[in-house]
Amino acid sequence: LAEAAWNKSAFDAKTLDTAMSAMGAGKPVESADVQITAPDIAENGAVVPVGVVSNLPNTEQISIMIEKNPNMLAATFDIPAGTLPDVQTRVKMGQTSDVYAVVKADGKYYMAKKEIKVTLGGCGG
Amino acid sequence: MRIRAAAKEGVTEVRVLMSHVMETGQRKDSSGAVIPAHFITELTAKHNDKVVLSAQFGASVSTNPYLAFKFNGGAKGDKVAVSWVDNKGDSRTDEVQIS
Amino acid sequence: MTLHSDIARAEAAAEKLYELPKFGNVSLLHMTDCHAQLMPIYFREPNVNLGVGDMLGKPPHVVGEGFLKAFGVKPGGAEAHAFTYLNFVEAARNYGKVGGFAHLSTLVKKMKASRPGALLLDGGDTWQGSGTALWTNAQDMVDACKLLGVDVMTLHWESTYGADRVKEIEEKDFAGKIDIVAQNVRTTDFEDPVFKPYVIKNINGIPVAIVGQAFPYTPIANPRWMTPNWSFGIQEQGMQEAVDAARAEGAQVVVVLSHNGMDVDLKLAGRVTGIDAIFGGHTHDGMPAPTVVTNPGGKTLVTNAGSNGKFLGVMDFDVRGGKVVDFRYKLLPVFANMLPADKEMADFIDKVRAPFIEKLSEKLAVTEGMLYRRGNFNGSWDQLLVDALIAEKDAEIAFSPGFRWGTSLLPGDTITMEHLLDQTAITYPWTTVTDMSGEMIKTVLEDVADNLFNPDPYYQQGGDMVRVGGLQYSCDPNAGMGKRIDNMMLKGKRIEPGKTYKVAGWAPVSEAAKDSGPAVWDVVANYLRAQKVISQRPLNLPSLKGMDGNPGVAV
Ligand SMILES: [Mn+2]
Ligand SMILES: [Mn+2]
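Predicted model, so just to flag it, every value in this text is computed and none were measured. (Residues numbered from 1 in each chain as written. Chains lettered and ligands numbered in written order. Predicted model: local features only at pLDDT ≥ 70, side-chain atom pairs only at ≥ 80, totals over all residues. Heavy atoms only, no water.)

### Let's talk about the overall build of chain B
The number of helices and strands found in chain B is zero helices and seven strands. Counting helices and strands in the order they occur from the N terminus, chain B gives β-β-β-β-β-β-β. In terms of overall dimensions, chain B has C-alpha extents of about 55 × 20 × 15 Å along its principal axes. Expressed as a percentage of its 99 residues, the buried residues of chain B come to 48%. Put simply, chain B shows about 4700 Å² of open surface, and 45% of that area lies on carbon and sulfur atoms. Distance between charge centroids for chain B: 5 Å, based on 13 positive and 11 negative side chains. (Helix = DSSP H or I, 4+ residues; strand = E, 2+ residues; numbered from the N terminus. Buried < 20%, exposed > 50% of the residue type's maximum accessible area, 1.4 Å probe, protein only. Areas by Shrake-Rupley, 256 points an atom, 1.4 Å probe, with all protein chains shown as cover. Lys, Arg positive; Asp, Glu negative; His and termini not counted. Charge placed at Lys NZ, Arg CZ, Asp CG, Glu CD.)

### Here we look at the overall build of chain C
Each helix and strand in chain C was counted, giving 17 helices and 25 strands. Here chain C has a C-alpha radius of gyration of 22 Å; the compact-globule value for 555 residues is 24 Å, and the two agree. A buried classification covers 64% of the 555 residues belonging to chain C. Excluding contacts between residues fewer than 6 apart, the proportion of contacts in chain C whose partners are at least 24 apart in sequence is 77%. In the form shown here, chain C has an accessible surface area of approximately 19600 Å², with 52% of it arising from carbon and sulfur atoms. Taking the average place of the 54 positive charges on the side chains of chain C and the average place of its 65 negative ones, the gap between the two points comes to 3 Å. (Rg over C-alpha atoms; globule rule 2.2 N^0.38 Å. Contact = heavy atoms within 4.5 Å.)

### Digging into the coordination of the manganese ion (ligand 1)
Residues and elements named next belong to chain C. For the manganese ion (ligand 1), the full set of protein donor atoms is Asp33 (OD), His35 (NE2), Asp125 (OD) and His284 (NE2), and the range of their distances to it is 2.0 to 2.2 Å. Each donor residue of the manganese ion (ligand 1) lies on one chain, and together they are spaced D-x1-H-x89-D-x158-H. Taken as a pair, the manganese ion (ligand 1) and the manganese ion (ligand 2) show a spacing of 3.4 Å, with Asp125 coordinating each metal. Placement of Asp33 in the loop between strand E1 (26-31) and helix H2 (64-71) and of His284 in the loop between strand E10 (277-280) and strand E11 (291-295) is noted, with a sequence separation of 251 residues between them. In this pair, the class of Asp33 matches that of His284, namely buried. (Donors = N, O, S within 2.8 Å, 3.2 Å for Na, K, Ca; no water.)

### Observations concerning the sheet that holds strand E17 (residues 414-416) of chain C
All names here are of chain C. Strand order in the open sheet formed by three strands is E17-E15-E24, with mixed pairing between adjacent strands. On the outer flanks of this sheet lie E17 and strand E24 (533-534), each paired with one strand and no other. Taken together, the two bridges between strand E15 (residues 363-367) and E24 define a ladder with parallel strand orientation. The residue of E24 that forms the bridge with Thr367 is Ile534. (Pairing = 2+ DSSP bridges.)

Purely geometric numbers; function is a separate question.
What follows is the structure in C-alpha cells.
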C-alpha cells in the first residue's frame with residue numbers, strides 16, 4: 001500500500017540514537033526552520049497533539065519521536081511534491097519528555113525538540 | 001473514519017479521525033497477561049489518484065489516530081481517499097469530496 | 001500607624017477613593033475571581049507569593065512593605081489594607097468587610113454613570129466558591145451577574161459544572177445579554193471552536209474587541225471528565241490569529257479578557273502583538289497598576305484584579321485616530337462600609353439565600369486565631385483542614401489543594417457552615433484515603449512544586465503549593481524538577497521511599513476517584529463540632545532554601 005515498507009528497526013528502537021540511525025538520520029543538526037506546535041503541559045498524556053512545520057526547501061520527510069516512550073519513533077510522514085511540509089497528529093506520552101521533530105530536506109536531516117510536561121494535575125487559582 | 005477536506009485559496013486541508021485501538025503491546029490485562037500489540041502501521045492519502053501523503057505509524061500514536069495535512073490544489077467535489085493497514089493485516093479505506 | 005476609626009473620616013476617605021475623574025472615551029470595568037461571594041467577606045492577601053527566575057521580585061511577586069513601595073501605596077490607609085496582609089486583623093476590624101455584590105453593584109453603577117458606554121468584563125471563577133452557588137448549580141451567580149450588568153465573560157471553575165451546564169447557561173440565560181468568549185477552547189475531535197473567540201462592541205463610536213482566554217489548564221487542574229470533549233491550552237498562535245482577525249474587522253482597541261494567571265499573561269504580552277491590554281485573573285493578584293510589556297508590535301498593559309469581589313478595575317482609554325494614545329487605570333477596593341448596598345441586588349441576594357439560610361448559619365465552632373488561606377504554603381484555614389482530615393480519617397499525613405480562593409475569619413469569629421463551604425464548595429468534594437509510598441509522596445510534592453516554581457510561566461498552572469499536614473519537608477524553589485523537595489520527615493523520622501503511609505486528601509481529579517468518600521465539608525464539620533473552640537495553631541511550613549531576601553516572602 002505505502003511506497004516504503006514499514007521501518008521495523010526504527011519503530012522497535014529503544015534509544016534515540018538507534019532510532020535515528022535506523023532511519024538513516026545519523027545525528028541531525030538542530031534547525032530553527034523546523035517548528036513544533038504542541039502544548040507545554042499535556043491535558044491528557046494519552047492524546048497529546050503534536051504538529052510539525054518545516055520551512056526547509058525540498059522537505060521530503062517529517063518524523064515525530066518521543067524520547068521517554070518505550071518505542072520513541074511515533075510516526076514518519078513522506079511528503080511528496082505538492083504537499084505542504086505541515087503535518088499534525090496526536091501521540092501517547094507516559095511521562096514528561098522531549099518531543100523531537102526530525103526533517104529530511106534535500107537529502108539532509110535536521111531536527112527540533114520541545115519539552116512537553118505530563119503532570120498529575122489538581123490545583124487551582 | 002471521519003474525514004474533512006476543505007479547499008481554500010488553492011490549498012486543500014485534510015483532517016482525518018481514524019477508529020483504531022492502537023494497542024502498544026506494553027499493557028497487561030486484569031489477569032496479568034500482555035495485551036498483544038495492535039496498531040496501524042501504514043497510511044496513504046490520495047487526491048483523485050495521486051498520492052498526497054504516505055505515513056508510517058508506531059504504537060505511540062494515540063488511540064483513534066488523528067492526522068491533519070495540506071496539499072496544493074484540489075477543487076470542490078474532488079475525491080480525497082485515505083487508506084490504512086495495521087500490523088494484523090486489517091485495512092480500511094474511506095473517501096470524501098472536497099468541500 | 002493611623003487608622004480611620006470614626007465614620008466621618010471613613011466617609012471622607014470613601015469620597016476620595018471612589019471619586020475617580022473620567023478620562024478618555026473608552027472605559028472598561030473589570031472584575032475577576034469573585035468565587036461566588038455574594039456577601040461581604042474578609043480576605044487577607046498573602047505574605048508569601050514567591051517569584052523565581054525572571055519573575056524574582058517583580059509584580060505580582062511582591063508582598064507587604066515591598067508591595068507598598070513597588071506601587072507607591074501610602075502605608076496605614078485603606079488601600080494598604082486592601083492590597084496587603086499588613087496589620088490585617090486590626091485593619092479589618094477598622095475598615096470592615098470587603099466585596100459583596102450589593103456594594104459592588106453600587107460601585108459599578110457609579111462608574112458606568114460617570115463613564116457612558118463603559119462595559120463590565122468578568123474574568124471568570126465567578127460561579128464557584130460558595131454553598132449557594134454549588135446548591136443552585138451556579139444559578140444564583142448567573143442571575144446575579146445579569147443583574148450586575150456583566151457584558152462579557154471568560155471561564156475557569158465554571159467548567160466544573162460540566163460542559164452541558166456551561167453551554168445551557170450560554171445559550172439560554174446569557175442569550176442576548178452576556179457573551180462568553182474563549183479563543184483557546186476547542187473540541188477534542190476536529191478542533192472546532194466551542195465559544196466565540198472574541199466579540200466587537202461599539203463604545204462611543206469606537207469598535208472595541210474583547211478576546212477571551214479561558215484558563216488554559218482546566219482539564220489538568222480540574223477533572224477532565226467534566227469537559228471530556230473540550231481542549232484548552234494557551235494557544236498563542238490562535239491568540240495572534242484572533243487579535244489579527246479583530247483588527248482586520250475594524251477593531252481600534254483590542255483587549256484580552258484572560259484567565260491565564262499573571263505570569264503567563266506577562267509572557268504572552270511579550271510575544272503576541274496588537275493587544276492594547278490584558279485584563280487578567282486566576283492568580284488572584286490585586287495589582288494597583290498595570291505592568292507595561294514591550295513586544296515587537298508595541299506595548300501591552302497587563303493587569304490583574306484580585307479576587308473574592310474585593311476589587312473593581314477601571315480602565316480608561318483615550319482613543320484617537322483609530323488607536324489608543326493614552327490610558328488611566330485604577331483598581332478600586334470594594335469596602336462594604338464605604339459603598340451603600342444597592343437595593344435591587346440586596347433584595348435578590350436575600351431571596352436567593354433564603355432557602356439555605358438555616359444550613360449556612362449552622363455554628364460549628366469558634367476560632368481563637370485568624371483563619372485565612374492565600375499564600376504559597378499552608379494558611380491557617382488549610383492547617384485546620386489538614387488537621388481535621390488527619391483526625392477524622394485516622395491518617396498519618398493529609399494533603400489539601402493549594403486553592404487561592406477561600407475567605408478569611410478574624411479571631412473570635414464563629415465558624416459557620418457557610419464559612420467552611422467558602423473553603424470547600426466544589427463539585428468534586430470527595431475525601432480520599434490512600435496508601436502512598438514515600439516515593440509517591442515525593443513525586444506528588446515535586447509535581448505541584450514544579451507547577452508553582454517552573455521558571456517558564458507557560459509550564460505553571462497558577463495554584464499554590466499543596467497544603468500538607470503531618471509531614472515536614474524543605475523546598476528549594478530555584479532547583480529543577482524533581483530536586484526541589486528534600487528532608488521529608490514524619491514525627492521525627494525520615495520518610496522512606498519504599499515504606500507505605502496512610503494519606504488523607506480531598507478533591508480528586510481522576511474519574512476513578514468519583515464518590516471516593518464523604519464530602520470534605522461533612523468530614524471537617526464533624527471535627528469542628530466536636531472541637532467547639534479552635535485554638536490558634538502553628539502552621540506546618542516547609543523550610544525554604546535560597547529565598548533569603550526574596551521580596552515575595554515576609555515572615
Ligand atoms: Mn480564582
Ligand atoms: Mn482560576
